[in-house]
Amino acid sequence: MTPVKECAAPDFPTAALPLLHDIQLRSNVRHATDVIQGKRFRVVSEMPDWQSLRETGQRTREHTLQYLDSYLEQFEERCTAAGGHVHWARDAAEANRIVVQMAQNAMGRAIKIKSMTTEEIGLNRALEAAGIQPIETDLAELIIQLGHDKPSHIVVPALHKNRQQIRELFAYAMGQPHLGDRPEDLTEAARLYLRQQFMHTPVAISGANFLIAETGGVCIVESEGNGRMCLTLPRTLITIAGIDKVIPNFRDLEVLLQLLPRSATGERMNPYNSLWTGVHPGDGPQEFHVVLLDNRRTEILRDPEARETLHCIRCGACQNACPVYRQTGGHAYSSVYAGPIGAILTPQLALMKEGQSLPYASSLCGACYEVCPVKINIPEVLIHLRGRVVNARPKYLRALDLEAIAMRGMQWVFLSKMRLQLAQRLGRVAQIPWIRRSGWIERLPGMLGGWTRTRDLRPLPPQSFREWFQKRSPLPTEVPHE
Amino acid sequence: MRIALFITCYNDTLFPETGIAVVRVLERLGHTIVFPDAQTCCGQMHYNTGYQAEALPLVRRFVEIFRDHEVVCVPSSSCVAMMREHYAKIAAAAGDAKLQADVEALLPRVYEFTELLVHRLGVEDVGATYPHRVTYHASCHSLRSLHVGDIPLRLLSKVRDISLIPLPSLEQCCGFGGTFAIKNADVSGAMLEEKIKCIQHTNAEVCTACDNSCLMHLQGAMHRQRLEVGTAHIAQILASEHISSPQSSSKRKGKIG
Ligand code: SF4
């Protein structure tokens, strides 16, 4: 099984196209991101020390990654001492194998807490193949599962659906044709459906927000209480977490648990904050496993210019702030990790062999960097990855690639003012056949046709600034102005 | 003061009127403009598109040409952002200590046009008159890389007879993004559409900004849609002293005087 399987899909511009025509989806995404952003803005503005919290968050993550090996070993040691079992998984296939093996005694069913890591490795497919039915208990994930859909957001996976669409889905999947579409109706339907599953399923599978090296504990924050049910009722609990999820000390939660909820859902604190360490006789799950997943994360660590990608605490704020995501929603990224974080994480998880169009799926506007609670300079990483995409092309391809030829040609022009002037003059002549009656260029050939798909182009003026400056004397008294 | 003008490759080629306006404003304030003739491009397009090796010689060239100037004025925030955010890193990656030192010494003397006026020259009222309804679009680089804040609005608010109308969703990207506008033409077009709706909402005659790149993108679409809204770089508004009809994208022929 390939990790992040979905990214063998079409490139971003192609995948975005049908979504741009989906008026309903786009209005759902705009509405949802506007609402979350508004809430985030309110609770972030009330924090006088927000910027220093971000800096501390950034430093904590940086430090952890620097000593990742020792913190992971410390986590393993402490978790084991508390009665947990730690497993190391090199890739998706290995992680899935471990989980399936441990869920064998699950009587054919496992309840799940929303986890993007399990989406990343395609765990549900692996469970189903082994005859174990995964049951999503997070409302949004349930919507995705019942609709045979894919998550489009890391925090709000069903962000692309509106209430009426969810009602339709529930009414159909749960056999309740008269279901109302008020939030209370929908959550009540989900609650009744899920209660059954909580009571009768012996195995739960979760992700993790943080692994605490100092104590060997795990932390999950959530809004619905489904997580708390999964963490307490079943006999066996299996947690899957990327190795990047570790933090050094319990104390670090002080900062991270301020940054995360405010950035993710615009709440001061999550309604449910669960922390657990190992097993406790007569209380909660009696068997506890942690699967530590690498899946190319150590490869990302190797690149000093991109390793900050692993600082991410998966709050989704960058997705909500992204003007590109706003237009397309998450499915255009063909990965469980959409938006700006997806644009940098997905291609790296695929060792730059897939998702090469993603680093270009950004106007580099910087809105993501501005909101990121751990200050990941996403635009910087995007540009760096664009460089890796260009350099990864084989030499012979680069010689034929139109873009590469154009770039080298422009460089040659820019390395001499004479050549630039000559190019400007040639451009003025070459454009003549393209100028329409309106006096503007309305259609351009080849690559440049992208420009004229929605925009006209004013032709090159008869005189460049340089020419004007060289000729002027005496000083002009009037600004040319139409 | 002797101010060296880095006009930028695209303003030189496509928007000479902006350069002329910059010269006009600065000369009116009593400064002398020099135009280092060898200048071409800062390397932004190459660097941001992933052609970082190709950008290096352009960076060297820029630094070489402007190294000895006291103050450099650039009427484009994205080019200034390129310098401030990447030049030091590019020089370091090239392992060139001399280039690194030159970059470090030069950058504090490089100003975006509105920054130069307010931060370096200490003027807000440049003596302009512009009797039109204007809305200001904050380009992402001016907003989030240069942090110009309300500098452009302060300058505009001192212009006689201007009527300034705030643009809704000011902080949202217009969708230009350099080669993004071509590589992701459809998404870029969708972002553009949202921005144009906001501009129309203001009922402004002219949309202005510190970057002609955004304006070219907005102007191109507004012309395609035959909207009666013009665009003008902020320098052109600040240079304006006489009563004129505003540039209307559908009427403009791209003439330079
Ligand atoms: S990159 Fe930053 S903003 Fe985006 S999800 Fe990760 S932590 Fe949140």
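Just so you know, these numbers come straight off a predicted model, no measurement behind them.

Conventions and cut-offs
- Residues numbered from 1 in each chain as written.
- Chains lettered and ligands numbered in written order.
- Predicted model: local features only at pLDDT ≥ 70, side-chain atom pairs only at ≥ 80, totals over all residues.
- Heavy atoms only, no water.
- Helix = DSSP H or I, 4+ residues; strand = E, 2+ residues; numbered from the N terminus.
- Buried < 20%, exposed > 50% of the residue type's maximum accessible area, 1.4 Å probe, protein only.
- Contact = heavy atoms within 4.5 Å.
- Areas by Shrake-Rupley, 256 points an atom, 1.4 Å probe, with all protein chains shown as cover.
- Lys, Arg positive; Asp, Glu negative; His and termini not counted.
- Charge placed at Lys NZ, Arg CZ, Asp CG, Glu CD.
- Salt bridge = Lys/Arg side-chain N within 4 Å of Asp/Glu carboxyl O.
- Polar contact = N/O pair within 3.5 Å; in protein donor to acceptor, adjacent residues only side chain to side chain.
- Nonpolar A, V, L, I, M, F, W, Y, C, P; charged D, E, K, R; others polar.
- Near = heavy atom within 4 Å.
- Domains from an automatic or database assignment.
- Core = buried A, V, L, I, M, F, W, Y, C linked by side-chain atoms within 4.5 Å.
- Pairing = 2+ DSSP bridges.
- Axes fitted to C-alpha atoms, helices over the stretch in contact; angles between N-to-C directions.

**Notes on the overall build of chain A**
Part 1 of the argument: Of the regular secondary structure elements, chain A holds 23 helices and 10 strands.
Part 2 of the argument: Projected onto the principal axes, the alpha-carbon positions of chain A cover approximately 90 × 55 × 50 Å.
Part 3 of the argument: Within the span of chain A, comprising 482 residues, buried residues form 59% of the whole.
Part 4 of the argument: Restricting the contact set of chain A to residue pairs at least 6 apart, pairs at least 24 apart contribute 74%.
Part 5 of the argument: Total accessible area on chain A stands at roughly 20,400 Å², and carbon and sulfur atoms take up 56% of it.
Part 6 of the argument: Considering chain A, the positive charge centre built from 56 side chains and the negative charge centre built from 50 side chains are found 8 Å apart.

**Some details on the interface of chain A and chain B**
The accessible area lost on association of the parts is a frequent measure of interface size.
Part 1 of the argument: Residue-level contacts link 75 residues of chain A with 83 residues of chain B.
Part 2 of the argument: In this structure, the connection of chain A to chain B is made through 14 salt bridges.
Part 3 of the argument: Taking the shortest distance from any N to any O, the salt bridge between K89 of chain B and E305 of chain A comes out at 3.2 Å.
Part 4 of the argument: In this assembly, chain A and chain B are joined by 43 residue pairs in polar contact (both at pLDDT 80 or more).
Part 5 of the argument: The biggest single contributor to the side of chain A that touches chain B is helix α20 (residues 402-414) of chain A, with 7 residues.
Part 6 of the argument: Taken together, the residues that form the side of chain A that touches chain B break down as 35 nonpolar, 19 polar and 21 charged.

**Quick notes on the site of the ligand**
Part 1 of the argument: Around the ligand, the surrounding shell holds 13 residues, and the nearest of these are C312, C315, G316, C318 and C372 of chain A.
Part 2 of the argument: Tallied by class, the residues present in the shell around the ligand amount to 11 nonpolar, 1 polar and 1 charged.

**Let's talk about the domain arrangement of chain A**
Part 1 of the argument: Each assigned domain of chain A is listed here: domain 1 (17-299) and domain 2 (413-472).
Part 2 of the argument: For domain 1 of chain A versus domain 2 of chain A, the separation of C-alpha centres amounts to 53 Å.

**Some details on the nonpolar core**
Part 1 of the argument: Ranked by size, the top nonpolar core spans 218 residues in total, and within it F75 and F170 of chain A together with L26, Y87, F113 and L117 of chain B carry the most contacts.
Part 2 of the argument: Sorting elements by how many residues they give to this core places helix α5 (residues 77-93) of chain B first, with 8 residues.
Part 3 of the argument: Contacts of Y87 of chain B, omitting those with residues within four sequence positions, involve C42, V59, F62, V63, M82, V103 and L107 of chain B.
Part 4 of the argument: If you look at the next biggest cluster of nonpolar residues, it comprises 21 residues, including A92, M102, A106 and A110 of chain A.

**Section: the sheet that holds strand β3 (residues 133-136) of chain A**
All names here are of chain A.
Part 1 of the argument: Pairing is parallel in the open sheet, where 6 strands are placed in the order β1-β10-β7-β4-β2-β3. The open sheet is flanked by β1 (85-89) and β3, the only strands paired with a single partner. Here the average twist between neighbouring strands, direction ignored, is 25°.
Part 2 of the argument: Across 4 bridges, the pairing between strand β4 (residues 203-206) and strand β7 (residues 236-242) is parallel. Counted as the bridge partner of I205 is I238 from β7.

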